[in-house]
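# An overview of the molecular structure
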Amino acid sequence: MRHHMRSICFLILAGAIALPSAVAGKDKGATITGTANYDDSISFSDTAVFQATLEDVSFADAPAQPIGSASIQSPGDAPLQFSIDYDPEMIDPTRRYAVRARIKDGDRLLFTTQTNYPVLGDGQITHVDIDLRQVASTSDPAGAVADSADVALEKTYWKLNRVGDGSITIAAGTREIHLTLQPDALRVSGFSGCNTFTGTYTLAGNKLVFGNLASTMMACPHGMEIEQAVQQALGATATWRINAQTLELLDPSGTVLAVFEARDLN
């Protein structure tokens with residue numbers, strides 16, 4: 001009888017020892033690693049922050065859902081090493097996941113990825129090498145919206161900073177490329193580099209589609225290539241995303257087509 005009781009106590013003790021190990025295994029997280037490349041000839045202030053986010057990008061007509069993120073204060077020379085911790089129980093193998101990143105200084109977006117970088121999936125990708133492109137000058141231009149809250153998509157003057165892979169440089173005295181959405185008539189209008197344009201738009205949550213775009217028919221010695229790229233970007237837009245004073249137009253796959261910066265609309 002005494003030997004039998006010792007056996008029972010041993011089994012209970014062994015179970016108690018094994019239990020924490022099993023729980024710890026269940027709570028074990030996972031990590032996405034990466035390197036970020038950007039123009040490191042630009043000096044960042046001590047308040048600049050690099051942010052990388054793992055997102056669920058399964059639905060083009062809905063906002064991407066964050067799964068995990070990483071932040072690095074005052075990023076230095078590129079390539080920058082980063083890692084994103086996440087809970088593997090949040091991953092659905094039937095969905096699509098990607099990493100995007102940006103560098104901000106306060107409320108100002110300085111660099112951003114221009115496309116999503118797929119991870120996980122059938123290939124179980126856990127490392128990405130990403131490129132960030134400059135969005136705006138590190139100095140505050142005149143006319144910038146000062147409010148740190150996200151500005152509204154509609155009734156805001158949006159100045160183009162980047163289209164496709166190319167940044168926009170406007171010569172002194174040249175009209176800047178921009179657009180404005182007016183909700184009363186669901187009309188979009190603006191200037192695309194050579195001609196003014198107008199059209200309609202439909203807006204449903206994070207889904208944005210431009211239609212019936214028409215423009216004046218002027219021929220210009222400069223600006224025609226940019227104008228064509230702007231028109232193509234508007235025609236391919238499926239979703240939109242705003243962070244503070246920066247608007248991104250995205251295609252159905254989540255690739256950034258164009259980046260705008262808010263200006264006060266008088």
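About the thresholds
Residues numbered from 1 in each chain as written. Predicted model: local features only at pLDDT ≥ 70, side-chain atom pairs only at ≥ 80, totals over all residues. Heavy atoms only, no water. Helix = DSSP H or I, 4+ residues; strand = E, 2+ residues; numbered from the N terminus. Buried < 20%, exposed > 50% of the residue type's maximum accessible area, 1.4 Å probe, protein only. Contact = heavy atoms within 4.5 Å. Areas by Shrake-Rupley, 256 points an atom, 1.4 Å probe, with all protein chains shown as cover. Phe/Tyr/Trp six-rings, centres within 6.5 Å; stacked < 30°, edge-to-face > 60°. Pairing = 2+ DSSP bridges. pLDDT = per-residue confidence, 0-100. Salt bridge = Lys/Arg side-chain N within 4 Å of Asp/Glu carboxyl O. Polar contact = N/O pair within 3.5 Å; in protein donor to acceptor, adjacent residues only side chain to side chain.

## With respect to the overall build of the chain
- In terms of regular secondary structure, the chain is built from two helices and 17 strands.
- Looking at the 266 residues of the chain, the share that counts as buried comes to 40%.
- A separation threshold of at least 6 residues defines the contact pool for the chain, and within that pool the share at least 24 residues apart is 59%.
- Working note: accessible area of the chain is about 14,400 Å², and carbon and sulfur atoms make up 55% of it.

## Digging into the packing of aromatic side chains
- Counted by the stated rule, this structure contains four aromatic pairs.
- Ring centres of Phe50 and Phe82 lie 5.5 Å apart, and the angle between their planes is 50°; this geometry places the pair in the tilted category. With Phe50 in strand β2 (residues 48-56) and Phe82 in strand β4 (residues 80-86), the pair connects residues that are 32 residues apart, well separated along the chain.
- Phe50 gets classed as buried once you look at its relative accessible area, which sits at 0%.
- Members of the aromatic cluster, each reached through a chain of ring pairs, are Tyr38, Phe44 and Phe111.

## A word on the pairing of β4
- Burial along β4 is one-sided: the residues Leu80, Phe82, Ile84 and Tyr86 are buried and none of Gln81, Ser83 and Asp85 is.
- Alignment of strand β1 (residues 30-37) against β4, held across seven bridges, turns out to be antiparallel. Among the inter-strand pairings, Gly34 is bridged to a residue of β4, identified as Phe82.

## Some remarks on unusual backbone geometry
- The step from Ala78 to Pro79 runs through a cis peptide bond, and the omega angle for that step is 0°.
- Position of Pro79 among the secondary structure elements: in the loop between β3 (65-73) and β4.
- Positive phi, normally seen in glycine, also occurs at Lys155, with a value near 60°.
- As for its position among the elements, Lys155 is in the loop between β8 (127-134) and β9 (157-163).
- Its identity as a non-glycine residue notwithstanding, Leu186 has a phi of 50°, on the positive side.

## Description of the confidence of the model for the chain
- Of the residues in the chain, 77% have a pLDDT of 70 or more, and the chain-wide mean is 80.
- Element-level mean pLDDT values for the chain span from 44 in helix α1 (residues 2-27) up to 95 in β4.
- Contacts of residues 7-27 to residues separated by more than four positions or lying in other chains number one contact, the stretch itself having pLDDT below 50.
- Taken as a whole, residues 137-148 scores under 50 in pLDDT and shows 26 contacts with residues more than four places along the chain or in a different chain.

## A look at the pattern of salt bridges
- Evaluated as defined, the whole model comprises six salt bridges.
- Of the charged contacts, one joins Glu55 and Arg100 as a salt bridge, the two residues approaching to 2.8 Å between their closest N and O atoms. With Glu55 in strand β2 and Arg100 in strand β5 (residues 97-105), this residue pair connects regions lying 45 residues apart in the sequence. With respect to class, Glu55 is no different from Arg100; both count as buried.
- The residue Glu248 makes a salt bridge to Arg241 at a minimum N-O spacing of 2.7 Å.
- Of the residues examined, Arg241 reaches a relative accessible area of 17% and is grouped as buried.
- Taken together, the salt bridges that share partners define one network made up of Asp56, Asp92 and Arg95.

## Quick word on the side chain of Lys104
- Within the secondary structure, Lys104 is located in strand β5.
- Within the local environment of Lys104, its side chain forms a polar contact with the side chain of Asn243, the two groups lying 2.8 Å apart.
- Sequence-distant contacts of Lys104, defined by excluding residues within four places in its chain, comprise Thr47, Ala48, Val49, Gln51, Leu109, Leu110 and Asn243.

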